[in-house]
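Each chain is listed here by its residues.
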Amino acid sequence: QKEVEQDPGPLSVPEGAIVSLNCTYSNSAFQYFMWYRQYSRKGPELLMYTYSSGNKEDGRFTAQVDKSSKYISLFIRDSQPSDSATYLCAMSVGGGFKTIFGAGTRLFVKA
Amino acid sequence: GAVVSQHPSRVICKSGTSVKIECRSLDFQATTMFWYRQFPKQSLMLMATSNEGSKATYEQGVEKDKFLINHASLTLSTLTVTSAHPEDSSFYICSARVGGRDYGYTFGSGTRLTVV
């Protein structure tokens, strides 16, 4: 079993839709939860991070962490064609331990 | 914000030659940098962790003699793919930890290596 599981998609939605991206994990010691966005042939860029459980909102993006279920989500409201990219979840125990990445979900937002 | 500059963005080389990829932290000091490899439609695979002034730590299964990493200064880390073969063709990305934080590394823009 992989430490972090993420459905690779692709996920195709119409413009304006609410997008839900998810990851599950097995290591209960993870404390830092991140979402990265990666455009084709580019390096990933950090979108959001959350420490421990709870929700975090930034504009059209909301990150949720449910440690009891070992499940994290990223919601994108009013999705735009420019949101089309691969979204990677990532997790870390902290304290200098390495970050573990999900496989990434490819998202296509159709105009 | 913190920026990591990675060069070249794309390189094509002949089988048997060596290729050097550079990553520079432009506005911060990166004591630790990470090197990843990414295959199409797959996630980032950590190859090695480099610390300034010391030997890199390689992940299991990564050949240290083939993928030479040098982190000679606080702003520069290099990855040299030696005696490259077509199976080494991939997307290589570096990242740096900013300010010692445990979350959210800053990534370079990646290098597409094609070995012919």
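Reading the values: the criteria
- Residues numbered from 1 in each chain as written.
- Chains lettered and ligands numbered in written order.
- Predicted model: local features only at pLDDT ≥ 70, side-chain atom pairs only at ≥ 80, totals over all residues.
- Heavy atoms only, no water.
- Pairing = 2+ DSSP bridges.
- Helix = DSSP H or I, 4+ residues; strand = E, 2+ residues; numbered from the N terminus.
- Contact = heavy atoms within 4.5 Å.
- Buried area = accessible area lost by both parts, 1.4 Å probe.
- Salt bridge = Lys/Arg side-chain N within 4 Å of Asp/Glu carboxyl O.
- Polar contact = N/O pair within 3.5 Å; in protein donor to acceptor, adjacent residues only side chain to side chain.
- Nonpolar A, V, L, I, M, F, W, Y, C, P; charged D, E, K, R; others polar.
- Buried < 20%, exposed > 50% of the residue type's maximum accessible area, 1.4 Å probe, protein only.

Student: Give a description of the sheet that holds strand β6 (residues 54-58) of chain A that names residues and reports values.
Tutor: In any sheet, the strands associate via hydrogen bonds between backbone groups, in a parallel or an antiparallel arrangement. All names here are of chain A. Strand order in this open sheet of five strands is β1-β3-β8-β7-β6, and the pairing throughout is antiparallel. In this open sheet, the two edge strands, each paired with only one partner strand, are β1 (4-5) and β6. In this sheet, strand β7 (residues 61-66) lies alongside β6 in antiparallel orientation, the contact comprising five bridges. Bridge pairing links Glu57 to Thr62 in β7.

Student: Give me the lowdown on the interface of chain A and chain B, citing residues and values where you can.
Tutor: Counting from both sides, the interface comprises 22 residues of chain A and, opposite them, 21 residues of chain B. When the two sides are added together, the surface that chain A and chain B hide from each other amounts to roughly 1700 Å², 56% of it contributed by carbon and sulfur. Of all residues in chain A, the largest losses of buried area upon contact with chain B belong to Arg41, Lys98 and Phe101 of chain A, amounting jointly to 26% of the total for that side. At the boundary of chain A with chain B, the tally comes to one salt bridge. Note that Glu59 of chain B and Lys98 of chain A form a salt bridge whose closest N and O atoms lie 2.5 Å from each other. At the junction of chain A and chain B, the tally comes to five residue pairs in polar contact (both at pLDDT 80 or more). Contributions of two or more residues to the side of chain A that touches chain B are made by β4 (32-38), β5 (45-51) and β9 (85-92) of chain A. No other element matches the four residues that β4 of chain A contributes to the side of chain A that touches chain B. Residues belonging to the side of chain A that touches chain B are distributed by class as follows: ten nonpolar, eight polar and four charged.

Student: Tell me what's going on with the environment of Asn51 of chain B, and back it up with residues and numbers.
Tutor: Residues and elements named next belong to chain B. With respect to the helices and strands, Asn51 occurs in strand β5 (residues 44-51). When its relative accessible area of 27% is taken as the criterion, Asn51 is described as partly exposed. As for Asn51 and Ser73, which are separated by 22 residues in sequence, their C-alpha atoms are 9.3 Å apart. Ignoring any residue separated from it by four or fewer positions in sequence, one finds Asn51 in contact with Thr31, Thr32 and His71.

Student: Explain the pairing of β7 of chain A to me, using residue names and the numbers behind them.
Tutor: All names here are of chain A. From the end of β6 to the start of β7, which pair antiparallel, there are two residues, and Gly59 there has a positive phi angle of about 65°. Relative to strand β8 (residues 71-76), β7 runs antiparallel, the two being bridged by six bridges. In the sheet register, Phe61 faces β8, and the bridge partner there is Ile76. Where β7 folds back on β8, the antiparallel hairpin that results is connected by four residues, among which Lys70 adopts a positive phi of roughly 55°.

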